[in-house]
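# A structural walkthrough
Residue-level listing of the chains:
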Amino acid sequence: AKEAGKHGAVPLGGAEEAQPPSPPSPVMLLGDSGVGKTCFLLQFRDGAFLSGTFIATVGIDFRNKVVAVDGVKVKLQIWDTAGQERFRSVTHAYYRDAQALLLLYDITSKMSFDNIRAWLTEIHEYAQKDVVIMLLGNKADVSSERAVRTEDGASLAREYGVPFMETSAKTGMNVELAFLAIAKELKQRALQPPDEPRFQIHDYIEAQQKKSSCCAFA
Ligand SMILES: Nc1nc2c(ncn2[C@@H]2O[C@H](COP(=O)(O)OP(=O)(O)OP(=O)(O)O)[C@@H](O)[C@H]2O)c(=O)[nH]1
């Protein structure tokens with residue numbers, strides 16, 4: 001029988017009630033101010049997008065969401081950080097506890113993309129060595145104002161060996177997939193017997209994207 005894992009994964013099923021509450025998996029959203037971290041989280045949690053005035057996050061905020069991955073519940077505790085420089089020292093303190101990091105830039109802002117290298121340097125300085133990192137080019141719905149080519153995002157991600165996707169917190173494009181891929185990776189780390197082949201997050205994302213693009217035209 002599978003056991004509750006240290007990464008917040010709990011097998012679903014009859015014995016579920018008897019399971020001790022498992023610790024949630026902390027996932028942090030990082031990236032420059034205005035790239036859409038708060039909207040990304042709200043789209044995932046509530047399926048909603050609040051357009052209009054931009055209210056910058058102060059310090060750090062968090063929301064929980066439970067996702068089911070192959071019949072196993074994974075509790076994600078998602079930390080929405082402030083992108084503004086003046087809050088950096090506050091957010092550094094949380095890096096160490098994060099099991100996964102979603103690093104966002106805005107495809108309409110070259111500067112937010114250029115800053116990704118600095119973010120990755122900070123991540124390597126403050127986060128755990130085995131933290132799961134994913135690079136996301138957000139606001140893909142605003143193609144008329146695109147300032148960063150998809151290939152450039154993909155190539156930077158390849159350079160750092162991290163998975164990459166373009167997303168939209170507005171339309172919901174790839175928002176759920178990003179969290180699901182993270183949850184799947186964390187679940188596998190927690191529950192997978194060491195002799196089974198490792199879950200490949202890159203392959204999973206690619207397969208899911210192929211599936212959805214095939215079906216969008218079907
Ligand atoms: N078109 C479009 N606009 C978006 C998207 N995501 C966020 N926005 C807009 O971008 C602005 C900033 O979004 P936030 O989610 O507040 O940005 P943030 O990264 O949390 O900013 P900080 O809290 O300062 O770090 C808001 O005006 C949003 O409406 C998106 O995917 N598409």
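By the naming in an unreviewed UniProt entry, the chain is small monomeric GTPase, taken from Anser brachyrhynchus. Turning to the chain, the UniProt annotation filed under Cofactor (unreviewed entry) states: "Mg(2+)". Per its UniProt entry, the chain bears the Catalytic activity (unreviewed entry) comment "GTP + H2O = GDP + phosphate + H(+)".

### Some remarks on the nonpolar core
Formed by 51 residues in total, the largest nonpolar core has its most connected members in L101, L103 and I182. Mapped by element, the contributors of at least two residues to this core are β2 (25-30), α1 (37-46), β4 (72-81), β5 (100-106), α4 (116-126), β6 (132-138), α5 (150-160) and α6 (175-191). Among the elements that line this core, the one with the most residues is α6, at ten residues. With sequence-adjacent residues up to four places away left out, L103 is seen in contact with L30, G31, I116, W119, I133, M134, L135 and L136.

### What to know about the pairing of strand β3 (residues 60-69)
Both β3 and β4 contribute to a ladder of ten bridges, which runs antiparallel. Bridging across to β4, V67 finds its partner in V74. Adjacent in sequence and paired antiparallel, β3 and β4 are bridged by two residues, among which D70 carries a positive phi angle near 45 degrees.

### What to know about the site of the ligand
Of all residues adjacent to the ligand, which total 21 residues, the nearest are S33, G36, A56, T57 and G83. Across the shell around the ligand, the residue classes break down as seven nonpolar, ten polar and four charged.

### Quick notes on the pairing of β2
Within β2, six of the six residues are buried, which leaves the element mostly enclosed by the surrounding structure. Going residue by residue along β2, you find S25, V27 and L29 tucked away on one face and P26, M28 and L30 tucked away on the opposite face as well. In this sheet, β5 lies alongside β2 in parallel orientation, the contact comprising four bridges. Residue pairing in the sheet places L29 in a bridge with L102 of β5.

### As for the packing of α1 against α6
Contact pair α1 / α6: the axes reach a minimum separation of 9 Å and the direction vectors enclose 85 degrees. Comparing the axis directions of α1 and α6 gives the class roughly perpendicular. Within the contact between the two elements, α1 uses F40, Q43 and F44 and α6 uses V175, E176 and F179. A class-by-class count of the residues in the contact of α1 with α6 yields four nonpolar, one polar and one charged.

### Describing the environment of L103
As for its placement among the helices and strands, L103 is situated in strand β5. For L103, a count of 23 C-beta atoms within 10 Å puts it in the buried group. On a C-alpha basis, the gap between L103 and L135 in space is 5.0 Å, while along the polypeptide they are 32 residues apart.

### Section: α1
Of all ten residues making up α1, seven are buried, and the element is well covered by its neighbours. For α1, every residue scored as buried is listed here: K37, T38, C39, F40, L41, Q43 and F44. For α1, the elements touching its buried residues are β2, β3, β4, β5, β6 and α6. Directly beyond the C-terminal end of α1, a positive phi value near 65 degrees is found at G47.

What counts, and at which threshold
- Residues numbered from 1 in each chain as written.
- Predicted model: local features only at pLDDT ≥ 70, side-chain atom pairs only at ≥ 80, totals over all residues.
- UniProt positions renumbered as here; feature names shortened; annotations may be inferred.
- Core = buried A, V, L, I, M, F, W, Y, C linked by C-beta atoms within 7 Å.
- Buried ≥ 20, exposed ≤ 12 C-beta atoms within 10 Å, placed from the backbone.
- Helix = DSSP H or I, 4+ residues; strand = E, 2+ residues; numbered from the N terminus.
- Contact = placed C-beta atoms within 7 Å.
- Pairing = 2+ DSSP bridges.
- Near = placed C-beta within 6 Å.
- Nonpolar A, V, L, I, M, F, W, Y, C, P; charged D, E, K, R; others polar.
- Axes fitted to C-alpha atoms, helices over the stretch in contact; angles between N-to-C directions.
- Parallel < 35°, antiparallel > 145°, perpendicular 65-115°, else oblique.

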